[in-house]
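# Report on the structure
Letter by letter, the chains look like this.
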Amino acid sequence: MNNFEKTFFKKYIPEGQEVKWVIHEHWIKIVDNMLLRLGLFTFVPTFLLYNSYSLQESVNFMYFEIYLIVIYLKLVYDIFNWYNDVWIITEQWVVDLDWALFKTSSNSVAYENIEWIWVEQFWIWDKILNKWDIIINKIWDDEFRLVDAKVPYAALNEIERISNEIKAEAMAEKEDTDRTKFELIIEALWGVVDEYLEEKGLDWKAVLNRNRKVTRRKKVEYEEDVILEEGTIDLR
């Protein structure tokens, strides 16, 4: 990705974010469109007009020129539309940009909401041209699909890397929150116990040591009972 794309597509993402990658549709898609319009709607009518005297007499040349101008303007529009219908990869979002002349819309998904990413090919020409459909499946069973994309695997790896980092940070934050809650609960319980012992005029350290001695004494008594229950020894 060049600096021009970084600057050009920056206006379509939230302020403060940076354009990491831009994924375009494959160039063969616009080439097919151009060949169709130039061949079928431009070259063929022009050839027929200049080689048929009857058409020259029946078709006003000025109208034909207007027709050609409209075809070329539509071709230019299609090129802009192809170039601007992209996925924009930032450090927080994947933005699906749908460009139009009078109304441009975008849809985005945060990395933590991405469940998985995969690519699909349908024809042998797709493999030859390295043309794929890229699909992002969201956690709520919705999906993004960029049809006939020229897949830059570095961009897909970047999406997976950022997504995994964000999920790992979220998991670590959740563990820290759970640990903090547990520590607060233990601290609250110790506070309740300390207040109770203070009301009874007892020292919690002394109570703890006494409980340890009682536990140790009970353990010794249990071991002695087990030895006695094993039976007597015949000394004859």
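Treat the numbers as computed from the prediction; the structure is a model and nothing was measured.

### A few points about a nonpolar patch on the surface
On the surface, a cluster of nonpolar side chains totalling about 670 Å² of accessible area is made up of Leu 36, Leu 40, Phe 41, Val 44, Phe 47, Leu 48, Leu 55 and Val 59. In terms of residue count, the dominant contributor to the nonpolar patch is helix α2 (residues 27-50) (six residues). If you trace the backbone, Leu 40 turns up in helix α2.

### Section: the confidence of the model for the protein
Per-residue confidence for the protein gives a mean pLDDT of 77, with 77% of residues at or over 70. Mean pLDDT per element in the protein: helix α7 (residues 204-229) is the minimum at 53, and helix α4 (residues 61-84) is the maximum at 91. Segment residues 232-236 is flagged for pLDDT under 50; beyond a separation of four residues in sequence, or across chains, it makes zero contacts in the model.

### Re α4
For α4, spanning 24 residues, the distance from its first C-alpha to its last is 35 Å, which sits close to the expected 34 Å at 1.5 Å a residue. Buried within α4 are the following residues: Phe 64, Leu 68, Ile 71, Leu 75, Asp 78, Trp 82 and Asn 84. In this fold, the buried residues of α4 make contact with α1 (3-8), α2, β2 (86-89) and β3 (93-98). The N-capping residue of α4, defined by a side-chain oxygen 2.8 Å from the backbone nitrogen of Met 62, is Asn 60.

### Section: the side chain of Ser 52
Looking at where Ser 52 falls in the secondary structure, it is placed in the loop between α2 and α3 (53-58). Judged by relative accessible area, which is 18%, Ser 52 ranks as buried. One polar contact links Ser 52 to Ser 54, side chain to side chain, over a distance of 3.0 Å.

Cut-off values and rules
- Residues numbered from 1 in each chain as written.
- Predicted model: local features only at pLDDT ≥ 70, side-chain atom pairs only at ≥ 80, totals over all residues.
- Heavy atoms only, no water.
- Patch = residues over 30% accessible without salt bridge, like charges linked within 9 Å, V, L, I, M, F, W, Y side chains within 5 Å.
- Areas by Shrake-Rupley, 256 points an atom, 1.4 Å probe, with all protein chains shown as cover.
- Salt bridge = Lys/Arg side-chain N within 4 Å of Asp/Glu carboxyl O.
- Helix = DSSP H or I, 4+ residues; strand = E, 2+ residues; numbered from the N terminus.
- pLDDT = per-residue confidence, 0-100.
- Contact = heavy atoms within 4.5 Å.
- Expected span 1.5 Å × (residues − 1).
- Buried < 20%, exposed > 50% of the residue type's maximum accessible area, 1.4 Å probe, protein only.
- Polar contact = N/O pair within 3.5 Å; in protein donor to acceptor, adjacent residues only side chain to side chain.

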